[in-house]
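Residues per chain, in single letters:
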There are 2 protein chains.
Amino acid sequence: MSAIRVPVVEKILSANDRMADENRSLLDENHVFSINIMASPGAGKTSFILQTIKHLGKELKIGVIEGDTAPVTIDADKITKAGMPAVQINTGGDCHLEAAMLSDGIKQLPLSDIDVMIVENVGNLICPAAWYLGTHINLLVASVPEGDDKPYKYPNIYRGLNVMIINKTDLMPYVEYNMDYFRKGVEMLNPGLITFPLSCRTGEGVDAWITWLKAQVKQYRQGK
Amino acid sequence: MSAIRVPVVEKILSANDRMADENRSLLDENHVFSINIMASPGAGKTSFILQTIKHLGKELKIGVIEGDTAPVTIDADKITKAGMPAVQINTGGDCHLEAAMLSDGIKQLPLSDIDVMIVENVGNLICPAAWYLGTHINLLVASVPEGDDKPYKYPNIYRGLNVMIINKTDLMPYVEYNMDYFRKGVEMLNPGLITFPLSCRTGEGVDAWITWLKAQVKQYRQGK
């Protein structure tokens, strides 16, 4: 008797990760560079997106997907008012976005007309870290008033980041915040992580982020 | 044939809620009034507990259980330094405390020697709301710099509150925050919720909270 050939499935992907790969393929087919933005509630994700649109909106078309636990369109309305297409996802109380939710959202955006897609995840420093969405980069908006000990208390989310923003630097004079202690904590979890301290309120520091993002988009297009 | 009597279980409690009831019984046996503190990361839960100890520590003995996603003792060390017993719970990455975790923690505290037990839940505005721990009241520490739109975006957590703190009022001059808009959102979810705006940094407003808490502890003892 000859041996029967047994099919071996080498890499089992979860349903979420399969759908995330489909999201990525759809984005790549349309040449759309995509960013998953995570943060605590109130760190300034929407303000950061609005600043990015303000500085980059004349050069690049930016589509935004807003994730919220409740059926509100507060953030999506702000994006639309800034002249960019936005889609609101209501997670129905869930604490994070999943690839399937994003898949539904992506199809509502005019993809062929968009250069960059920004996903604003649910405000949560824990759960979103565990869900791959298929976007090209993960970005965290940290904020000065939430304190300098966050990397020590919520380490998981920092490990999967490609870039980090430290927002609300204008509040530095009014709170106790040791930037070196914060960055040391992040460095242990994600050595060399590229980081942009800035203030969405005053606009200080935003230019450096915009320059970096433009370079990323250019590199993405050349690499295709 | 006479009808067979079928046992009907009228109220099925989840494993979590059964354990929460056990927690409550243990606390009541020891005459310990207990508070579950929830908040976004960095809203100032630990500072709020430290202020409470500072103002009330000479009259009442306060035991603290600190919940964190990582194996750190940053917050528990601050409590111990302030002269009160503290226990650190590491959730192993989980986004909330559950009654079973609290059960393990309670047993580490010198219950017969304690008047008030404060539980500092994991910093998260979504998941902790769904888990009853067995404590006597649920308290939320909201904070000014996290923004005035939070009740509209994270409604669930406000519904189960007995009392709310609005912390970091000293930052009001430096951020865009409409207190009326915030309170209107909370009022829709939890009409008449007792609320204390205060600043743990300057101490302003803390007295009113302390007076209320002392009245609650007194009422609890009389009601037993």
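Residues numbered from 1 in each chain as written. Chains lettered and ligands numbered in written order. Predicted model: local features only at pLDDT ≥ 70, side-chain atom pairs only at ≥ 80, totals over all residues. Heavy atoms only, no water.

Undergrad: What is the right way to look at the packing of helix α2 (residues 45-56) of chain A against helix α3 (residues 74-81) of chain A in this model?
TA: Helix packing for two helices is described by the angle between their axes and how far apart those axes are. All names here are of chain A. As a packed pair, α2 and α3 sit with axes 10 Å apart at the nearest point and diverge in direction by 10°. With respect to their mutual orientation, α2 and α3 come out roughly parallel. Facing α2, whose interface residues are Thr46, Ile49, Leu50 and Ile53, α3 presents Asp75, Lys78 and Ile79. Across the contact of α2 with α3, the residue classes tally to four nonpolar, one polar and two charged. (Axes fitted to C-alpha atoms, helices over the stretch in contact; angles between N-to-C directions. Helix = DSSP H or I, 4+ residues; strand = E, 2+ residues; numbered from the N terminus. Parallel < 35°, antiparallel > 145°, perpendicular 65-115°, else oblique. Contact = heavy atoms within 4.5 Å. Nonpolar A, V, L, I, M, F, W, Y, C, P; charged D, E, K, R; others polar.)

Undergrad: Looking at this structure, how should I read the side chain of Asp68(B)?
TA: Looking at the element boundaries, Asp68(B) is found in strand β2 (residues 62-68). The charged side chain of Asp68(B) is buried without a salt bridge, its nearest counter-charge being Lys153(A) at 4.9 Å. Side chain to side chain, Asp68(B) and Gln88(B) meet in a polar contact 2.9 Å long. The residues touching Asp68(B), leaving out its near neighbours within four places in the chain, are Lys153(A), Asp75(B), Gln88(B), Ile89(B), Asn90(B), Thr91(B) and Val122(B). (Buried < 20%, exposed > 50% of the residue type's maximum accessible area, 1.4 Å probe, protein only. Lys, Arg positive; Asp, Glu negative; His and termini not counted. Salt bridge = Lys/Arg side-chain N within 4 Å of Asp/Glu carboxyl O. Polar contact = N/O pair within 3.5 Å; in protein donor to acceptor, adjacent residues only side chain to side chain.)

Undergrad: It is not clear to me how the relation of the copies chain B and chain A should be interpreted in this structure. Could you clarify?
TA: Superposing chain B onto chain A takes a rotation of 180° combined with a translation of 0.0 Å along the rotation axis, leaving an RMSD of 0.1 Å. Taken together, these values place the two copies in the relation of a two-fold axis. Counting the interface residues of chain B, we find that 100% of their copies in chain A are interface residues as well, pointing to one common contact surface. (Least-squares fit on C-alpha atoms with pLDDT ≥ 70 in both.)

Undergrad: What is the right way to look at the pattern of salt bridges in this model?
TA: Proximity of charged atoms lets side chains of opposite charge pair with each other. For the coordinates displayed, the defined rule picks out 15 salt bridges over all chains. A salt bridge links Arg221(B) to Asp115(B); its shortest N-O distance comes to 2.7 Å. With Arg221(B) in helix α8 (residues 206-222) and Asp115(B) in the loop between α4 (99-106) and β4 (116-120), this residue pair connects regions lying 106 residues apart in the sequence. Several salt bridges share partner residues, and in doing so they unite Asp75(A), Asp149(B), Lys150(B) and Lys153(B) into one network.

Undergrad: Can you walk me through the packing of helix α2 (residues 45-56) of chain B against α8(B) in this structure?
TA: All names here are of chain B. Packing of α2 against α8 brings their axes to within 10 Å, and their N-to-C directions diverge by 70°. Classified by the angle between their axes, α2 and α8 sit roughly perpendicular to one another. Contact residues: Phe48, Gln51, Thr52, His55 and Leu56 in α2; Val206, Asp207, Trp209, Ile210, Leu213 and Lys214 in α8. Its residues assigned to classes, the contact of α2 with α8 comprises six nonpolar, three polar and two charged.

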